[in-house]
Amino acid sequence: MESKNYSKREFLKIAGLGSLSLIFWQCYDFKKEEENELLTESDSEPKLNSNPEPKLEFTDKDVIFITRNDEKYNTLRQGFNKRFDKFPKTIALCLTTIGVQAAVQKAKTDKLKISVKSGGHSFEAFSCGTDSMLINLSQMNKTQWLENDEVMLQPACLLQEIYAEFLPKKRIIPAGSCGTVGIAGLALGGGYGFFSRKYGLTCDNLTRIKMVDGNGNLIDSKENPELLWACRGGGNGNFGVVTEMYFKTHSAPNSFSSYRLKYRNLNQERFMQLIQAWFNFTGNLPQEAFSAFVLNGKTLTILVTNFLNHNATFESSFDELKNLSDEYKPTYNQPLANALKRYYGRKEPLFFKNASAGLYKGIEEIQDFLPKVFEKVISNSGMIYQINTLGGNIQNSDFEKNSSYPHREYPYLSELQSYWDNASAENKFLTAFEEIQQLFHSKGISAQYRNYPDINFPNWETAYYGNNYKKLQEIKSKFDPEDLFSFEQSVRLK
Ligand SMILES: Cc1cc2nc3c(=O)[nH]c(=O)nc-3n(C[C@H](O)[C@H](O)[C@H](O)COP(=O)(O)OP(=O)(O)OC[C@H]3O[C@@H](n4cnc5c(N)ncnc54)[C@H](O)[C@@H]3O)c2cc1C
């Protein structure tokens, strides 16, 4: 069977740059329906765990242990990336923090490593392992509002649920755009989106966490501030299971404007002219604005967003790019909720390989070999090269001091993406992907975003965590001394 190259429209949906036809409520209701069904059926079953750990009292209202023969096994182990098919020995479907503690106890007793899944969107399926215990948190998705507009989120709150809950209250946190990403995986590895240049990364807004550690103890970061530091960028599946996340929230803007520019049939010369113009423009971007540069085959899409009321001065700041474009579509002052829904993207699992392709300070670091990147991307149909703006308040020195996210000085994050709909196309895409990654690496691009992992990164420890890796190892030794939480790129014990 033939592999499918996604059409531009399909690609835009997948990449979260899609149209309004991706209705939020369809997506939301579907997931809830499936999960409720899981719970209702399980509730009526006899207790699966008839032999709990003596010290901890729990029931099947706290955790349900599921094995391979259970009909829900496949649904509960599946992540967003269909490229992976992993088979945990036991799945602990946790409903409460006590349930998580019981699951950790059981893993210790059964001598199983643990992987932790919230939204299931890990690019490399790090949230599920084979022959280990999968702690599935999908039912732990409650929200609690506190004083001073602080909010407690359970780990599997999905971004579309958070926006649906927050926006009527006129509050936001700076988070990502894809509706089905889980808050835990996002915030523990950094987290950026349209509001980050103003309010910092998602992890910078995390004020407190509670976590069940590798000893089965419930740890509060109030008493362990170094754990909060670690979980602001380095917390994905490394030290324990985060069960509560406290965030400060911000006033939501009233409206959101987006400006989409398209360029077709690019050749190398025009590509170089456009990327230079884009870096010139984004070098002076206001903190309320964001931009993405997306090369898909010979078509370039530039997205610019701004959550200040539309104004002509801002729009004229990218006149050069507008004048060079084949198509220009501005959408002024949309209500924020409607605007965000446009970027929720696909909810169904996909075959894909996505990864960070380097963080940059500016075009100077990549200029010399950009023509090669362009040629490789256009000669591998289905390959997408994207650069996103970070910078702004993400570079705030207090955020830097208080978090393990190490890459504050890089205002640009690039990523490679490829999608296919048939498993047999995988090799072709992975080979081309690796060639481009090698090119970046050979030219000295080595800082990478932890939430866009690539299993093939050499020296992933410093690529993700820079100089903070050693301290993360110390924290690992304290909270997970038996290395229960372990996967291909988990922080290692010293
Ligand atoms: C379609 C798509 C769009 C994306 N868009 C953005 C974006 O706009 N901005 C951005 O910054 N990132 C984005 N990402 C990347 C995203 O931030 C990461 O994939 C994130 O880790 C997903 O979190 P999750 O909870 O959904 O995934 P999971 O697969 O459940 O978890 C991811 C990692 O976190 C660990 N983890 C999960 N829950 C816990 C917990 N409770 N305690 C401890 N460890 C835990 C897992 O073990 C795993 O290592 C996107 C990813 C996809 C697939």
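Worth saying up front: this structure is predicted, and the values here are computed from it rather than measured.

Asker: Explanation requested: the confidence of the model for the chain in the structure shown.
Answerer: Here the chain averages 90 in pLDDT, and 89% of its residues register 70 or above. Counted against residues more than four places away or in other chains, residues 1-53, with its pLDDT under 50, gives 98 contacts.

Asker: Help me out: how do you make sense of the sheet that holds strand S8 (residues 206-213) in this one?
Answerer: Pairing between the strands of a sheet comes from backbone hydrogen bonds, and it takes one of two forms, parallel or antiparallel. As summarised here, the arrangement of the 5 strands in space is S5-S6-S10-S8-S9, forming an open sheet in which the pairing is antiparallel. Edge positions in the sheet fall to strand S5 (143-145) and strand S9 (218-220), since each has one partner strand and no second. Each neighbouring strand pair of the sheet contributes to a mean axis angle of 20 degrees, computed without reference to strand direction. Sheet topology places strand S6 (residues 150-153) next to strand S10 (residues 240-248); 4 bridges connect them, and they run antiparallel. The partner of Leu153 across the bridge, within S10, is Met245.

Asker: How do you make sense of the packing of helix H9 (residues 268-282) against helix H13 (residues 370-379) when you look at a structure like this?
Answerer: For any two helices packed against each other, one specifies the crossing angle of their axes together with the interaxial distance. Where H9 contacts H13, the two axes come as close as 10 Å, and the packing angle between them is 120 degrees. Overall, the two elements H9 and H13 adopt an arrangement that is oblique. Crossing hand, H9 versus H13: right-handed. Taking contact as the criterion, the partners of Gln268, Phe271, Met272 and Ile275 in H9 are, on H13, Leu370, Pro371, Phe374 and Glu375. The residue makeup of the contact of H9 with H13, split by class, is 6 nonpolar, 1 polar and 1 charged.

Reading guide: rules and limits
Sequence order as written defines the numbering, with residues in each chain counted from 1. Two thresholds apply to this predicted model, a pLDDT of at least 70 for residue-level local features and 80 or more for giving and counting side-chain atom pairs, whereas whole-chain, interface and lining totals are computed over all residues. Hydrogens and waters are ignored; side-chain quantities use all the structure's heavy atoms. For every residue, the predictor reports its confidence as pLDDT, a number between 0 and 100. Whether two residues are in contact is decided by their heavy atoms: any pair within 4.5 Å suffices. When DSSP finds two or more bridges between a pair of strands, those strands are recorded as paired. Secondary structure follows DSSP: runs of H or I at least 4 residues long count as helices, runs of E at least 2 residues long count as strands, and numbering of each begins at the N terminus. Lines fitted to the C-alpha atoms define the axes, with helices restricted to the stretch that makes contact. Angles between their N-to-C directions range from 0 to 180 degrees. Throughout, the term roughly parallel applies to angles under 35 degrees, roughly antiparallel to angles over 145, roughly perpendicular to angles from 65 to 115, and oblique to all others. Two helices cross in a left-handed way if the nearer one is turned anticlockwise from the farther one by less than a right angle. They cross in a right-handed way if the turn is clockwise. Note that Gly is not counted as nonpolar here; it falls among the polar residues with everything else outside the nonpolar set of Ala, Val, Leu, Ile, Met, Phe, Trp, Tyr, Cys and Pro and the charged set of Asp, Glu, Lys and Arg.

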